[in-house]
Each structure stands twice: as C-alpha cells, then as structure tokens.
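Now for the letters of each chain:
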Amino acid sequence: MKKVTTLATVALLAGCTATNTLPERTLADGQDYLAPIHVMIDDPLQSSSLRNHLRETGVFRNVETGSGQNDAYNVQVKLNMQREFPPFPVVLLSCATLFMLPLSKEYDTQAEFSVYQGDKRLKQYTYRNNTQKYTWLLDQGGELEGQNLSRIARAFAQDVQHDRLIPVVGSAQ
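Note that the structure is predicted; figures quoted are calculated from it, not measured. (Residues numbered from 1 in each chain as written. Predicted model: local features only at pLDDT ≥ 70, side-chain atom pairs only at ≥ 80, totals over all residues. Heavy atoms only, no water.)

## Comments concerning the sheet that holds strand β6 (residues 120–135)
For step 1, the next point in the chain: Spatially, the six strands line up as an open sheet ordered β1-β6-β5-β4-β2-β3, and their pairing is mixed. Two strands close off the open sheet at either side, each with one partner strand: β1 (19–20) and β3 (63–65).
For step 2, the next point in the chain: With two bridges joining them, β1 and β6 adopt antiparallel strand pairing. Bridge pairing in β6 links N20 to T131. (Pairing = 2+ DSSP bridges. Helix = DSSP H or I, 4+ residues; strand = E, 2+ residues; numbered from the N terminus.)

## Details of the pattern of salt bridges
For step 1, the next point in the chain: This structure, assessed with the given rule, holds three salt bridges.
For step 2, the next point in the chain: Residue D108 pairs with R128 through a salt bridge whose shortest N-O separation is 2.5 Å. Of the two residues, D108 is situated in strand β5 (residues 103–117) and R128 in strand β6; the sequence distance between them amounts to 20 residues.
For step 3, the next point in the chain: When the shortest N-O distance is used, the salt bridge between D163 and K123 registers 2.9 Å. In this pair, D163 is assigned in helix α4 (residues 143–163) and K123 in strand β6, connecting sequence segments 40 residues apart. (Salt bridge = Lys/Arg side-chain N within 4 Å of Asp/Glu carboxyl O.)

## Some words on the environment of T19
For step 1, the next point in the chain: Counting through the fold element by element, T19 comes out in strand β1.
For step 2, the next point in the chain: Here the alpha-carbon distance between T19 and K133, two residues 114 residues apart in the chain, equals 6.5 Å.
For step 3, the next point in the chain: Non-local contacts of T19, meaning those with residues more than four positions away in its chain, are made with N130, T131 and Q132. (Contact = heavy atoms within 4.5 Å.)

## Observations concerning the pairing of β5
Put simply, side chains in a regular strand alternate between the two faces of the sheet.
For step 1, the next point in the chain: By the criterion of burial, β5 is predominantly enclosed, with 11 of the 15 residues buried.
For step 2, the next point in the chain: Strand direction decides the pairing type here: strand β4 (residues 73–84) and β5, joined by 12 bridges, are antiparallel. Paired with V77 across the bridge in β5 is F113.
For step 3, the next point in the chain: Looking at chain direction, β5 and β6 are connected through 15 bridges and run antiparallel. (Buried < 20%, exposed > 50% of the residue type's maximum accessible area, 1.4 Å probe, protein only.)

## Digging into α4
For step 1, the next point in the chain: For α4, built from 21 residues, the straight-helix expectation of 30 Å at 1.5 Å per residue is met to within 8% by its first-to-last C-alpha distance of 30 Å.
For step 2, the next point in the chain: Buried within α4 we find L144, N148, L149, R151, I152, A153, A155, F156, A157, D159, V160 and Q161.
For step 3, the next point in the chain: Considering only its buried residues, α4 is in contact with β1, α2 (47–56), β4, β5 and β6. (Expected span 1.5 Å × (residues − 1).)

## Let's talk about the nonpolar core
For step 1, the next point in the chain: Core analysis: the biggest nonpolar cluster contains 32 residues, and F60, F113, F156 and I166 have the highest contact counts within it.
For step 2, the next point in the chain: Listed by contribution, the elements that provide at least two residues to this core are β2 (37–41), α2, β4, β5, β6 and α4.
For step 3, the next point in the chain: With eight residues, α4 is the single largest residue contributor to this core.
For step 4, the next point in the chain: With near-sequence residues (within four places) excluded, F156 lies in contact with L54, F60, V75, F113, V115, Y125 and Y127. (Core = buried A, V, L, I, M, F, W, Y, C linked by side-chain atoms within 4.5 Å.)

## Structural notes on the packing of aromatic side chains
For step 1, the next point in the chain: This model, assessed by the stated rule, comprises five aromatic pairs.
For step 2, the next point in the chain: Pairing F60 with F156 gives two aromatic rings, centres 6.2 Å apart and planes at 25°, and the pair type is stacked. With F60 in the loop between α2 and β3 and F156 in helix α4, the pair connects residues that are 96 residues apart, well separated along the chain. Each member of the pair, F60 together with F156, is buried.
For step 3, the next point in the chain: Among the aromatic residues, those joined into a cluster by ring pairs are F60, F113, Y125, Y127 and F156. (Phe/Tyr/Trp six-rings, centres within 6.5 Å; stacked < 30°, edge-to-face > 60°.)

Shown next as structure tokens:
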C-alpha cells in the first residue's frame, strides 16, 4: 500500500512541471552590448514586465520606454496574452477532494516585434509561446506569466543579436 501511495504521489508531483512550446534560448556571455533600444508595447498591463525581461537578457545597453530620437532604434511590440483557467466543475471537484486534484493553467502569448531605425522598418519578428502547468487550487501560478514573457524576450534578443540589425555599442554605425 505504501508503494502505491508513493508512486501515485511521485507521478502527481512529476506532472506539475511547466511545459512551454517555445524552447529556452541561451544567450552567449562575454559579448558587447547592442545599442540602446526604445520599446513601445501596446499592452499597458504587461509593458513594464516585458521591458524588464528584455533588460534581464543582458543583450542591450539600455531598454527605454517610448520612442527615441531620429536615428534611435525603436521596437514596437504587439502583445496578445490570453489566460485559460480550468472549468468551474473541475474547480469544485478539486475542492471536494480537499485540493488533491491539480488544475491546469495555461498562458498563450503571441508577440510581434517590429524593429525600426528612425522611420525605417528593419525587420519584424513573431513569437508564440504556450505555457501550461498543473497547479493546486490555492497556488496562483504567478511564475507562469513571467516564464512565458521571459522566453519570448530571450528569443527576440538572440535573434536580433544573430541578425546584427542593431550595432554593437562603440562600433561604427
């Protein structure tokens, strides 16, 4: 009986890890910063969070709000983030089993980054990440939203760095 309970517990807890559709991107260390970017995001609730995730990548010299001067590098982001919660009968079932039944939470995010130098559009990048995790009823799963935006920010930073659209600070433009 103890083995069955232990196996059931391990299987239940192992299923509680988050899954993402966008792979984790690793950024190379020791490279020079790219020129500062000015980021404008159409979602006021997620704008500061996404800008902070772009800063955390360590790729850009500076990430600022709004639009820059004439030759500054601007990034316009169209962000569409949708959250899916479990149906109410499943929530009631979780309550009835004293919260032993995990609930599925899902964040589906699509982001479209348009890179401009002044008024000239350089390139457009599109990313989609779907993060899903089984959580307990009282666990809000707040880290899911951050993981979702972090993967998108890292993917954008790596692609911009690879494409060399934005010059390295100190090099000739």
